[in-house]
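Notes for the structure review
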Amino acid sequence: MKEGITPHEVVDRYHALISSSFEQMGISFDIYSRTSNAVHHETSQAFFKKLYDDGAFETKESEQYFDEEKQVFLADRYIVGTCPVCSNDKAYGDQCEKCGSTLSPDQLINPHSALSQSKPIKKSTKHWYFPLNKYEDFLKQWILEGKKDSWKANVYGQCKSWLDAGLQPRAMTRDSNWGVPVPLTDAAGKVLYVWFDAPIGYISATKELTNQWSDYWQQEDTKLVHFIGKDNIVFHCIIFPAMLKAHGSYILPENVPANEFLNIEGEKVSTSRNWAVWVHEYAEDFPEMQDALRYVLCANAPETKDNDFTWKDFQDRVNNELAAILGNYVNRAFVLMHKLCAGRVPSFHQEAKDALDSQLEQDINAAKQKVEHSIEEYRFRDALFEVIDLARKGNKYMQDKEPWIVAKTLTGHPENQKLIDNCLHHCLQLTANLAILMQPFLPFTAAKLCKMMKVVPRMLDWENAGRIDLLKPNYPLPAPEILFRKIEDVEVATQVQKLKDRSLLNNTATPKTAKAAPTVAAAKDTIAFDDFAKVDLRIGHITAAEKVEKADKLLKLQIDMGTEIRTIVSGIALHFKPEDIIGKQVVVVANLAPRKMRGIESNGMILMAENAEGNLVFVAPEAMTPAGSEVR
RNA sequence: GGCGAGGUAGCUCAGUUGGUGAGAGCGCAGGAUUCAUAACCCUGAGGUCUCGGGUUCAAAUCCCGAUCUCGCUACCA
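Parameters at a glance
- Residues numbered from 1 in each chain as written.
- Chains lettered and ligands numbered in written order.
- Predicted model: local features only at pLDDT ≥ 70, side-chain atom pairs only at ≥ 80, totals over all residues.
- Heavy atoms only, no water.
- Pairing = 2+ DSSP bridges.
- Helix = DSSP H or I, 4+ residues; strand = E, 2+ residues; numbered from the N terminus.
- Contact = heavy atoms within 4.5 Å.
- Polar contact = N/O pair within 3.5 Å; in protein donor to acceptor, adjacent residues only side chain to side chain.
- Near = heavy atom within 4 Å.
- Nonpolar A, V, L, I, M, F, W, Y, C, P; charged D, E, K, R; others polar.
- Salt bridge = Lys/Arg side-chain N within 4 Å of Asp/Glu carboxyl O.
- Buried < 20%, exposed > 50% of the residue type's maximum accessible area, 1.4 Å probe, protein only.

On to the pairing of strand E14 (residues 537-547). Inspection of the sheet shows E14 paired to strand E17 (residues 585-589) by 5 bridges, in the antiparallel sense. Across the sheet, the residue bridging to Arg-538 is Val-588, located in E17. Pairing geometry for E14 and strand E23 (residues 630-631), over 2 bridges, is antiparallel. Within the sheet, the bridge partner assigned to Leu-537 lies in E23 and is Val-631. As defined by bridge partners, E14 adjoins strand E15 (residues 555-560) across 6 bridges and the pair is classed as antiparallel. Within E15, the residue paired with Glu-546 across the bridge is Lys-556.

As structure tokens, then:
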């Protein structure tokens, strides 16, 4: 949290920003709410109370150390005291780093708070645990057996992974002052665990929307579907359903079609590194082109695996699919109609109907079925493809019929006007169908088409799809407008450059870390010089490095300390290859108590700088400095 | 390390319960055309379906092993 801004103000700001971004892109919600509302507090508290009254929770009460000065409960590692085993007076509540003993805070002699140095009092704290393990059988049956065929492989597999590993009771309360208070008399200073109350927020929002909220949540024929990213699967598929089951009067999710991740230009999206395309900036750079972005994001959605958004691909898809296939189709249909049919919707002459006409009618109907089916199966990529494919069929139909060629025969054969009429009649009806089918994906373009076809928005009702009598014959239509303009090469280059420039800027200008840890002091307390002087910092040279087996993050380093070679285990394996760091200078905390990691004793610790992304940089002297040199 | 999801033409992806010579879109090459946003339409080239074993009359599809990518998880003070 930045200086002087309350969590509530942060929520306000982002709620507004995100809300307006959705609006700009034509994404609307029946209710777009937040969990800081009163109705949500009531709802989630009532939910909790119901489970509580039913005895669904297990409480675990424990005497925990409490810092009276800071008014917070202290996590084990924020308690320091004397180790009962080796008498080290800097032992932590969970472990003594000198002798490596695993400790509990109670074992410490003369414990004190690491936050304020004050002597913590023992205070009893109680937390309510939801015994997920008791719902394992239910979840296994419900998901592993019941959802095997309907849920996506990535979702099903992730759930199976959790269930096979075995579920544990999970604390549903926290000691904090931000959040929804636990609705019990003996729970002062406690709030609901965020993943307990957040999904209940869906229920709260429904209540906010309508008095009929229970129709959405308590009727057997309601389908509850969660559209989420893969990082939220466990909460929506395991924890929330178990909660709903425990409560007893709610329906369970029908499906949770979680998507994978979307990268940008080959890199993970990161707001802190500013590797992102911001909606409000897109809106500025590409005015009136919301549908272009909507199209590309949907056509390239990570439905089955992680995908990559690139501006080049954006350009290709907009230019080749939206502009050349869809936009151009509509345009040529309108232009031809103006040239060959006097600017009016031509009649269809049954007597001149041929096989191509019948085929097109079938195609229109089939397209509706396919789009519908795909949407119901949550296959939006496929659905969108079918929309474009229908335009493709329209282009082919027009090409096969060649009304502009037929027009040249009119002087000798005036009856051929019927062929032209039939062709354009169908082409226009197909355009109307395109408007309906594209509406869920490209609402701005659908609206534009309505205007061009001079029909009311109601024509876009889904039931109208497949019909070939949507436009009335003899109805005069205006000149067409261009639906999609092309994206120029320079625009692609500009966007890519923008992305890179900004991200670079962010990397050099240390971003604010946004660690949400309210019970932990942001800055450490002042220490006396004597305390600092106890730390023996030295320059070391890495002489050897190898990966530690069975540990992804650990490297076993040999460090030349001048007088000795030390073994230090460090959690940097994800950032550096062993062979690349040999010879590097590092700053070593030389008098840190030894600690065993993965069975290897580590004698000291090397200093690294870490940015908000968790990227590591060596802290080292600017110039070559002999091993063993002191750092002060 | 354990677990999950992926690895199919240059790119993005389809490939139902194993079975007619492996598909689509884009890109590329060639052709045709001009109503249209140098758009559309036609034709074509391109893949030892990540690799190695196995089961089978038959495997992209099933089994075992390896490898790469992403995620969850453990180990990082």
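Along the chain, Arg-392 turns up in helix H12 (residues 380-401). Each C-alpha atom, one on Arg-392 and one on Glu-321, is 9.2 Å from the other, the two residues being 71 residues apart in sequence. Not counting residues within four places of it along the chain, the set of residues in contact with Arg-392 comprises Ile-325 and Phe-385. A distance of 3.0 Å separates the side chain of Arg-392 from the side chain of Asp-389, its partner in a polar contact.

Below, the discussion takes up the protein's contact with RNA strand B. In the vicinity of RNA strand B lie 48 residues, with Lys-268, Asn-307, Asn-328, Arg-332 and Gly-571 positioned nearest. Per the 4 Å cut-off to the protein, sugar and phosphate atoms form 73% of the nearby atoms of RNA strand B. At 2.2 Å from a phosphate oxygen of RNA strand B is found a side-chain nitrogen or oxygen belonging to Lys-268. At the level of secondary structure, the elements contributing two or more residues to the surface near RNA strand B comprise helix H4 (153-165), helix H10 (311-340), H12 and strand E18 (595-597). Broken down by element, the surface near RNA strand B gets its largest block of residues, 11 residues, from H10. Grouping the amino acids of the surface near RNA strand B by side-chain chemistry returns 15 nonpolar, 15 polar and 18 charged.

Let's shift gears to the pattern of salt bridges. Applying the stated criterion across every chain, the model contains 32 salt bridges. Between Arg-381 and Glu-303 there is a salt bridge, and its shortest N-O distance comes to 3.8 Å. Separated by 78 residues along the polypeptide, Arg-381 in helix H12 and Glu-303 in the loop between helix H9 (290-299) and strand E13 (307-309) bring together distant segments of the chain. For Arg-381, a relative accessible area of 25% corresponds to the partly exposed category. One salt bridge connects Asp-313 with Arg-317, and the closest N-O pair in it is separated by 3.7 Å. One end of the pair is Asp-313 and the other is Arg-317, both in helix H10 and 4 residues apart, which spans about a single turn. Since its relative accessible area comes to 19%, Arg-317 is described here as buried. In the salt-bridge network here, residues are joined through shared partners; they are Glu-281, Asp-285, Lys-498 and Arg-502.

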